[in-house]
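Spelled out, the chains give:
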Amino acid sequence: TQLLLLLCACSPTSTFLSEAQSSMGDIPWYLWVGVKFHYAVSFAFYKWATVLYKRPWIGILIFAVLTAGLLPLQYVLQDTENRIEKLWIPQDSVALTDREYVLDIYGASPRFETALFFDPDGDNVLTHTNLQYLFRVHEAVRSTTVVVDGATIGFDDLCKKYELVGTNTLDCFHLGALSFWNFNETKMLEDPDLLKTVSNESHRDQFGAPVDWKFVLGPGDVPLRNEAGEFTKIPSLALVYQLQQSPNAEAWEDAYIENILALDFPQARVLPLAEKSFADAVDNSLSEDTYLVFIAVGLIFTYTCIFLGSFDKHFVSTKIILASVGVGAVFAGTYTAYGLMALIGVKNVSVNEVIIFLIMGVGVDDMFVLSNEVAQTPRSWKLSKQFAVGISHAGSSIALTSLTNMVAFGIGSSTSLFAIRSFCLYAMTAVGVDFIFQMTLFCGYMVLDLKRARSRRKEFCFCMKGPEKKHVKPTHESFGQKIMRVYYGPFITKLPVKIGILIFFGAIFGVGIWGAVQIRQDFKESSLFLKDSYQYEYSSIDSRYNSNRPATGSLYVKAVQYESLAVQDTILDLVSELAADKYIETIGVNWLADLRAFANSTSGDDFYPSLEAFLSVPAYKALYDAFLVFDSNGILIGSQVPVTFVKMATSDLQVSAMGSTRAVVSRFDIDAVMFGFEMIFWEQFAVIINEAVSNLLLVLVVVFFVTLFFLIHPLTALLVTFVIAIVDVDLLAMMVFWDLNIDSVTVHLLSIVC
């Protein structure tokens, strides 16, 4: 019954359906709904094919108009988003809201530039000779210049400047291992015990701030200190600089990276890291892999040219031009979709470059389905009937796959991560436009190609004819179809083989479930870098030698009545509660505690005079000037107390630390937030698992209902959905074997699976 109904639905004549209905009596209602739906879809494609056979130029014209009207818009209107905080972070997250507050009150954060000096063998680099080399690195940074629009821009023109302690002089921010000697080479050379000097945790830099060894030294996995508490081995050293946000900053950073990489020292190496390094590394990785995409596209194109038709020394049965038209439709469809997205205003992202490869697979599959369905019709029919019936069958099939893909990507676009949302929107549109182009351009040219082949004209020279065939088979059967019919089909339908297949794939599914529950949530930035890039080497060395570097943040107190003793007590109590939190290692300098220790009275009218006297002390001014923000009337509107988190090896701990410290702040009746710029990236870990699971489940639900409409039978639709679920589970297991984690990038790729 089911098979006959499917045959009825594929028939382009309503009388056939009526005869089937009258001969079969009562059947389940959902079957009749499916049959009518099937018939409507097939009949629509049948009518379109009839029109297209008579006037193939209509399809080609539709393609030309859409391409000419939309494709150029990507070059005119398209805007690309490459800011990491916009791409991979939920835009409604608390961290981004807190970031906007911090940037609004404290100004844009400076650009950090780092030089990592290390011994490749892990030996101690803290020697007088190596520190002299490090001074050469410092000089190279300070002397780096770049010419922009005819003007020479140097480090001093771009650097973030602070007041040197005890003076009224501003100097560019520079911090590092040389801070222990206040960047004085003579003083360093006269130091008899370098390790003892860097073991002194009370040392302050030239700006009056404590020097934190965790950020300028890299002890690695060697014993950190001896019994006296002194360091015994320092395998890496760091220099850190700050630039202001400037249109010329990136150009200077390019010159800085080039200069640092050009330095060569015996027994030691130095690697740069600029603010733009991460984005450059991702772009370079994508650009480096682009040729692989085009190689793959080239292989697909070659395969299509060979197998879409059949080999014929007279070039009558070949379909190389038809294959070229189809592949061209895929490229045009993808980039026409880009133009449509640009018109709508959806920003592009760099990872969308792989969409062409995805659409190439979808489009070529559609080409084979369309071509083969027409070829399977009886050759005794008129060519117009062959084409119309074949397209009516194939149209339903590719409509199913295209609709399923579009809905799946549409669901994926509901994510809060913009990079994935952009990818899904672009991919969804590209699938839809490709479907239109296959049904217009490809089918339109197929009509011309079928007429050419039927008249025995050669593909590359229409004016010449090949010899007539003496024997014409009733239907066309390719080599692959013959293999399936004669060998593969009968083989897998044998009972022992079916049992073996079920056992084999049951075992694979079991391994898949095991692997899926083993997968971890984490993000390794080095996984995005080319193995031979300086960014990858820097990340590897930094992880090896500086694995103890903790995350940092600050307690930001907003505009409150600071002159109130009750408010001051609340702030100090809040700081104490944070210090007791298990995720906080240390509380940094506390301006309010030091102010209370400095002044006799800090309440009421005494607060601001005491604070002014407090900040007039050079050491306190150097230490707290950047932590306190005043309005135009001299009223304190913001303050911060820095904190250092404990070392956290997993993203789960980072999410827990973020939630725990926020919970501490929420227990106090004061307008304050707990924020660190690293929390921006922790936010994605708080949502990414739930988003991945919910999106995949929603896609499976949609696949079931879309498949149900086309296959009509609930059990068959469930089986299809179950197979896709197995694919998802097995892919998660393979990620474990490939040492991949759940992160924003892998979730981005998982969105393609269904």
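Sequence order sets the numbering: in each chain, residues are counted from 1 along the sequence as written. It should be noted that, the model being predicted, local features are given only for residues of pLDDT at least 70 and side-chain atom pairs only at 80 or more, the latter also being counted only at that level, while totals for whole chains, interfaces and linings use all residues. The basis for every side-chain value is the complete set of non-hydrogen atoms in the structure, without hydrogens or water.

With respect to the overall build of the protein chain
The line we're drawing: Going along the chain from the N terminus, every DSSP run of H or I of four or more residues is numbered as a helix, and every run of E of two or more is numbered as a strand. Buried, partly exposed and exposed residues are distinguished by accessible area as a fraction of the type maximum, computed with a 1.4 Å probe on protein chains only: under 20%, between the cut-offs, and over 50%, respectively. The Shrake-Rupley method, run with a 1.4 Å probe sphere, supplies the accessible areas, and residue values consider only the shown protein chains as cover.
A count of helical and extended segments in the protein chain gives 29 helices and 13 strands. The proportion of buried residues among the 754 residues of the protein chain is 47%. When the accessible surface of the protein chain is totalled, it reaches about 35,900 Å², and 61% of it is carbon and sulfur.

Notes on helix α23 (residues 591-598)
Because each turn of an α-helix spans 3.6 residues, side chains separated by three or four positions end up pointing in the same direction. Just so we agree on the cut-off: It is the directions from the helix axis to the C-beta atoms whose arc is reported. In what follows, a contact means two residues having at least one pair of non-hydrogen atoms within 4.5 Å. Think of a polar contact as two N or O atoms within 3.5 Å of one another; within protein, one of them needs to be a possible hydrogen donor and the other a possible acceptor, and neighboring residues in sequence only count if both atoms come from side chains.
Those residues of α23 lying buried are Trp591, Leu592 and Leu595. Relative to the axis of α23, the buried residues are bounded by an arc of 95 degrees and lie together on one face. On the buried face of α23, the contacting elements are α22 (565-580), α24 (607-615), α25 (618-624), β11 (628-630) and β12 (636-645). The opening residue of α23 is asparagine 590, an N-cap whose side-chain oxygen sits 3.1 Å from the backbone nitrogen of leucine 592.

Considering the sheet that holds strand β1 (residues 111-118)
Applicable threshold: Pairing between two strands requires that DSSP report at least two bridges joining them. The axes used here are C-alpha line fits, helices contributing only the stretch in contact, and every angle between their N-to-C directions lies in the interval 0 to 180 degrees.
If you trace the four strands from one edge of the open sheet to the other, you get β6-β7-β1-β8, paired in antiparallel fashion. Looking along the sheet, the strands with just one partner apiece sit at the ends: β6 (174-176) and β8 (269-273). With direction set aside, neighbouring strand axes in the sheet form an average angle of 15 degrees. Note: β6 against strand β7 (residues 236-243), three bridges, orientation antiparallel.

Points about the pattern of salt bridges
Which entries qualify depends on this criterion: Think of a salt bridge as a Lys or Arg side-chain nitrogen and an Asp or Glu carboxyl oxygen that are within 4 Å of each other.
Under the definition given, this model contains 17 salt bridges. Residue glutamate 139 pairs with arginine 136 through a salt bridge whose shortest N-O separation is 2.8 Å. Of this pair, glutamate 139 and arginine 136 are both found in helix α8 (residues 128-142), three residues apart, which corresponds to roughly one turn of the helix. You can call arginine 136 partly exposed: its relative accessible area is 31%. Among the salt bridges present, the one from aspartate 449 reaches arginine 452, with a minimum N-O distance of 3.0 Å. Remark: arginine 452 and aspartate 449 occur in helix α18 (residues 418-454); sequence separation between them is three residues, near one turn of the helix. When its relative accessible area of 2% is taken as the criterion, aspartate 449 is described as buried.

A look at a nonpolar patch on the surface
We count it as follows: Patch building starts from residues that exceed 30% relative accessible area and form no salt bridge, then joins like charges within 9 Å and nonpolar side chains (Val, Leu, Ile, Met, Phe, Trp, Tyr) within 5 Å.
On the surface, a nonpolar cluster with roughly 610 Å² of combined accessible area is contributed by Val511, Trp514, Met734, Phe737, Trp738 and Leu740. Counting residues per element, the ones that place at least two in the nonpolar patch are α20 (495-518) and α28 (714-737).

Thoughts on the nonpolar core
What tends to happen in soluble globular proteins is that the nonpolar side chains get buried as a cluster. Definition in use: In this text, buried Ala, Val, Leu, Ile, Met, Phe, Trp, Tyr and Cys residues form a nonpolar core when linked through side-chain atoms within 4.5 Å.
Counting residues in hydrophobic clusters, the biggest one holds 74 residues, and the most contacted among them are Ile355, Leu370, Phe387, Ile391, Met439 and Met446. Of all the secondary-structure elements, those providing two or more residues to this core are α3 (29-54), α14 (277-307), α15 (320-344), α16 (355-376), α17 (383-412), α18, α27 (679-711) and α28. If you tally residues by element for this core, the top one is α18, at 21 residues. For isoleucine 355, the contacting residues outside a window of four places in its chain are Thr334, Tyr338, Phe423, Tyr426, Ala427 and Ala430.

Observations regarding the side chain of threonine 144
Inspection of the secondary structure puts threonine 144 in the loop between α8 and β2 (145-148). For threonine 144, a relative accessible area of 1% corresponds to the buried category. Non-local contacts of threonine 144, meaning those with residues more than four positions away in its chain, are made with Ile153, Gly154, Phe155, Trp252, Ala255, Tyr256 and Asn259.

Some thoughts on the state of the cysteines
Threshold: Cysteine sulfur atoms that pair up within 2.5 Å are treated as a disulfide.
This model, assessed by the stated rule, comprises one disulfide. Each sulfur of the disulfide joining cysteine 159 and cysteine 172 lies 1.9 Å from the other. Its S-S torsion of approximately -55 degrees makes the covalent link between cysteine 159 and cysteine 172 left-handed. In this pair, cysteine 159 sits in the loop between α9 (155-158) and β4 (161-163) while cysteine 172 sits in strand β5 (residues 170-172), placing the two residues 13 residues apart along the sequence. On the accessibility criterion, cysteine 159 (1% relative accessible area) is buried. Judged by its relative accessible area of 1%, cysteine 172 falls in the buried class.

What about the environment of leucine 134?
Mapped onto the elements, leucine 134 comes out in helix α8. For the pair formed by leucine 134 and glycine 176, sequence separation is 42 residues and the distance between their alpha carbons is 9.9 Å. Discounting chain neighbours no more than four positions away, the residues touching leucine 134 are Phe117, Ala177, Leu178, Leu237 and Leu239.

Digging into the confidence of the model for the protein chain
The condition is simple: On a range of 0 to 100, pLDDT expresses the predictor's confidence in each residue.
Looking at the protein chain as a whole, the pLDDT averages 84, with 89% of positions reaching at least 70. The least confident element of the protein chain, judged by mean pLDDT, is helix α1 (residues 2-10) at 38; the most confident is strand β13 (residues 672-675) at 96. In the predicted structure, residues 1-24 sits below a pLDDT of 50 and forms 36 contacts with residues beyond four places in sequence or in another chain. Across residues 219-223, where pLDDT falls below 50, the model places 11 contacts with residues more than four positions away in sequence or in other chains.

Concerning the packing of aromatic side chains
Selection criterion: Ring pairs are drawn from Phe, Tyr and Trp, using the six-membered ring of Trp, whenever the two centres fall within 6.5 Å, and their geometry is named by plane angle: stacked under 30 degrees, edge-to-face over 60, tilted for the rest. Note on criteria: charge over ring means Lys NZ or Arg CZ within 6 Å of the ring centre, with the direction from the centre no more than 35 degrees off the ring normal.
For the structure on display, the rule yields 33 aromatic pairs. An aromatic cluster is built from Phe598, Phe614, Tyr620, Tyr624 and Phe627, whose rings are joined through pairwise contacts. Sitting above the plane of the tyrosine 53 ring, lysine 451 keeps its charged end 4.6 Å from the centroid.

A closer look at unusual backbone geometry
Among all residues except glycine, the phi angle is most often negative; among peptide bonds, the trans geometry is most common. One non-glycine residue, aspartate 149, lies in positive phi territory at about 55 degrees. Relative to the helices and strands, aspartate 149 resides in the loop between β2 and β3 (151-154). A positive phi angle, close to 55 degrees, is found at phenylalanine 183, a residue other than glycine.

A word on the environment of valine 94
Within the secondary structure, valine 94 sits in helix α7 (residues 94-106). C-alpha separation for the pair valine 94 and glutamate 683, spaced 589 residues apart in sequence, amounts to 8.1 Å. Dropping the residues within four chain positions of it, valine 94 is found in contact with Arg662 and Glu683.

Here we look at the pairing of β12
For β12, the tally of buried residues reaches nine of 10 residues, placing the bulk of the element in the interior. With three bridges joining them, strand β10 (residues 584-587) and β12 adopt antiparallel strand pairing. Within β12, the residue paired with threonine 586 across the bridge is threonine 644. Across three bridges, β11 lies against β12 in antiparallel orientation.

A few points about α17
Rules: Here the expected span of a helix is defined as 1.5 Å times the quantity of residues minus one.
Counted at 1.5 Å a residue, the expected span for α17 with its 30 residues is 44 Å, and the 42 Å between its end C-alpha atoms agrees. Of all 30 residues in α17, 21 are buried; the element is thus mostly enclosed.

Focus: the packing of α27 against α28
This is how it is decided: Left-handed describes a crossing whose near helix is turned anticlockwise from the far helix through less than a right angle; right-handed describes the clockwise counterpart. Residues were grouped as follows: Ala, Val, Leu, Ile, Met, Phe, Trp, Tyr, Cys and Pro as nonpolar; Asp, Glu, Lys and Arg as charged; and all remaining residues, including Gly, as polar.
Relative to each other, α27 and α28 sit at 145 degrees, their axes nearing to 8 Å. Helix-helix and strand crossings are classified by hand; for α27 and α28 the assignment is right-handed. Taking contact as the criterion, the partners of Leu696, Leu700, Val703, Phe704, Thr707, Leu708 and Leu711 in α27 are, on α28, Pro714, Thr716, Ala717, Leu718, Val720, Thr721, Ile724, Ala725 and Asp728. A class-by-class count of the residues in the contact of α27 with α28 yields 12 nonpolar, three polar and one charged.

Things to note about the pairing of strand β9 (residues 552-557)
Taking burial as the measure, the six residues of β9 include five buried ones, the bulk of the element. Direction of pairing for β9 relative to β12: antiparallel, over a ladder of six bridges. Bridge assignment links serine 554 to a residue of β12, and that residue is proline 642.

As for the environment of glutamate 459
Along the chain, the position of glutamate 459 falls in the loop between α18 and α19 (479-492). Since its relative accessible area comes to 1%, glutamate 459 is described here as buried. Distance from glutamate 459 to aspartate 449, taken between C-alpha atoms, is 8.1 Å for residues 10 residues apart in sequence. Sequence-distant contacts of glutamate 459, defined by excluding residues within four places in its chain, comprise Phe315, Thr318, Lys319, Ile320, Ile321, Leu322, Asp449 and Arg452. Within the structure, glutamate 459 has its side chain in polar contact with the backbone nitrogen of isoleucine 320 (distance 2.8 Å).

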